[in-house]
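# Fold and contact review
Next come the chains, spelled out residue by residue.
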Amino acid sequence: MSASKNDQKNSDRRNFLKSAGLTAAGLAAAPALVSFKSTAEQIAANISERTFPEGFLWGTATAAYQVEGAATEDGRGTTIWDTFSHIPGKVKNDDTGDVACDMYHRYPSDIKLMKDINVKIFRFSVAWSRIFPDGTGTPNQKGIDFYKRLTDELLANDIQPFATLYHWDLPQALHDKYKGWESRETAKAFGDYAGFISKQLGDRVKHYFTLNEMSTFVELGYGNGIFAPGLQLPQAGLNQVRHHAVLAHGLAVQAIRANAPSGTKIGLAENLSVPVPIIDTPENIKAAEIAMREENAGYLTVVMEGKYTDKFLKKTGADAPKFTDEDLKIISSPLDFVGINVYNPAGYVQAADNEDGYKTLPFAKSQPRSTSQWQVLGPESLYWAPKNVHKLWGAKELYITENGTSGTDELTDDKHIYDTDRVSFMRNYLTQLQKATAEGVPVKGYFYWSLMDNFEWTSGYSTRFGLYYVDYKTLERIPKESAAYFKVLARDNKVV
Ligand code: GBH
């Protein structure tokens, strides 16, 4: 039996003992007491207990451009999102991230807010242009110092920093010089920056995510043009951008390995497409696996497998990206963990006797959604996403790097926000995640998106995802009911 299977068995047993109230040292040491439980019975017991594995980590996530503000301070260079958000009509109400939540200055009190609700891990992103204002060249010490102060403060509060190296804020200079992600040069520059920052923060940060949601910034930024830099490239160009994104990821993995102290863990945070079986039959479950592999072919699949699937190459045909075998090796550099951002099912699928082997059903018009129209509510996505990433690619460790929902978040006269919808969302989604962990899927932690309301890209400040409400006039933070929920969840390590 492999070590990990053994660990799983032991932890199943611990969970079982705990649920049976048998954790006193003497009893726990007597395996005979529990050996009558079959694996299936233990899993069922774990699920009904609703607890997460011992040591499961609870946290929140943010991203630089969405929360920091201080857009021109301490030598920060301009980014494509500064440029884009300042073009009238691109963002709702023409909001920009100039001030955002002002976390650049308020991080000490924001870290207190995290501590107040039992946060143990915090996922933030490093603004590339604070470190290299032009993307490459001379580093900016003031930018580096900011992330040192931030991470020091987190550690002093017993919160582990998890750093994302790219959350869409490309230095404008790289766009001007190389057309950004259209060029391989940008992937190389990203690798260099990743290596540099991992060396600078190496004594403080033990976990890195290379890129956040390649699929989002590529498809929306270079495909339909809704996001910065607002381009609509033809298929061949778009495929090349996709390739440069995965290449940048791989180059960063190698650069961090070469520069960071040993023991540093590296992964990515991908918003993968999550097909959900419409009815849990073996055929549909298989169909959902096939669908997940193909629908993520240009992103997570090539990262995990080191090749583009036959179907992807066939479908892209003459427009397929240009790449070398060496590229594929770099892209599939081994990872320590896989981070997945999960908000919604990509679709409900069933087995089909067609070329693909599956069919995606149309969503019912009445399928519930959050105030973000794209967010179809399907809690099962938080079961199938980690389950199938583990099954398809054997990921050793997984993190839910984002999960959350937006709501109307009405502020009452006495300053309460009864976001019952968000609390219900979390309970329903987490019930599904707990089921996955109870079955042995090695999810190590969960980051709620987001710690507080923030600049929600093209929706500006009109869409709220936070556990804390932000009053954008005063920048005051007010805990929502969901913050209270999170606090108990993290304390008890179980679905509450
Ligand atoms: C995440 O994306 C982001 O990582 C995070 O920065 C963001 O704040 C959070 O979600 C909440 O949105 O404009 O109608 O074409 C989640 C995946 C993919 C959801 C792109 C929104 C655009 C929809 N996102 N999608 S639309």
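Please read all numbers here as calculations on a predicted model, not as lab measurements.

## Looking at the site of the ligand
Taken together, the neighbourhood of the ligand is formed by 17 residues, with Gln66, His167, Glu213, Glu456 and Trp457 sitting nearest. The separation between an oxygen atom of the ligand and a polar side-chain atom of Glu213 is 2.9 Å. Interatomic distance of 2.8 Å between a side-chain N/O atom of Trp457 and an oxygen atom of the ligand. The residue makeup of the shell around the ligand, split by class, is 8 nonpolar, 6 polar and 3 charged.

## Description of the sheet that holds strand 11 (residues 443–449)
Strand order in the closed barrel made by the 8 strands is 1-2-3-4-5-7-10-11, with parallel pairing throughout. The sheet shows a mean angle of 25° between the axes of neighbouring strands, direction not considered. In this structure, strand 5 (residues 265–270) lies alongside strand 7 (residues 338–341), joined through 2 bridges in parallel fashion. Among the inter-strand pairings, Glu270 is bridged to a residue of strand 7, identified as Ile340. Strand contacts of helix 10 (residues 184–200): strand 3 (160–166) and strand 4 (207–212), with the helix running at about 160° to strand 3, the strand carrying the most contacts. This element, helix 14 (residues 297–305), spans strand 5 and strand 7 of the sheet and lies at about 155° to strand 5.

## Brief notes about the sheet that holds strand 9 (residues 358–361)
Across the sheet, which stays open at both edges, the 3 strands sit in the order 6-8-9 with mixed pairing between neighbours. What marks the edges here is a single partner per strand, and that holds for strand 6 (275–277) and strand 9. If you compare each strand with its neighbour and ignore which way they point, the axes differ by 45° on average. Strand direction decides the pairing type here: strand 6 and strand 8 (residues 347–351), joined by 3 bridges, are parallel. When the sheet's bridge partners are listed, Pro275 is paired in strand 8 with Gly347.

Reading the values: the criteria
- Residues numbered from 1 in each chain as written.
- Predicted model: local features only at pLDDT ≥ 70, side-chain atom pairs only at ≥ 80, totals over all residues.
- Heavy atoms only, no water.
- Near = heavy atom within 4 Å.
- Polar contact = N/O pair within 3.5 Å; in protein donor to acceptor, adjacent residues only side chain to side chain.
- Nonpolar A, V, L, I, M, F, W, Y, C, P; charged D, E, K, R; others polar.
- Pairing = 2+ DSSP bridges.
- Helix = DSSP H or I, 4+ residues; strand = E, 2+ residues; numbered from the N terminus.
- Axes fitted to C-alpha atoms, helices over the stretch in contact; angles between N-to-C directions.
- Contact = heavy atoms within 4.5 Å.

The analysis is restricted to geometry; functional conclusions fall outside its scope.
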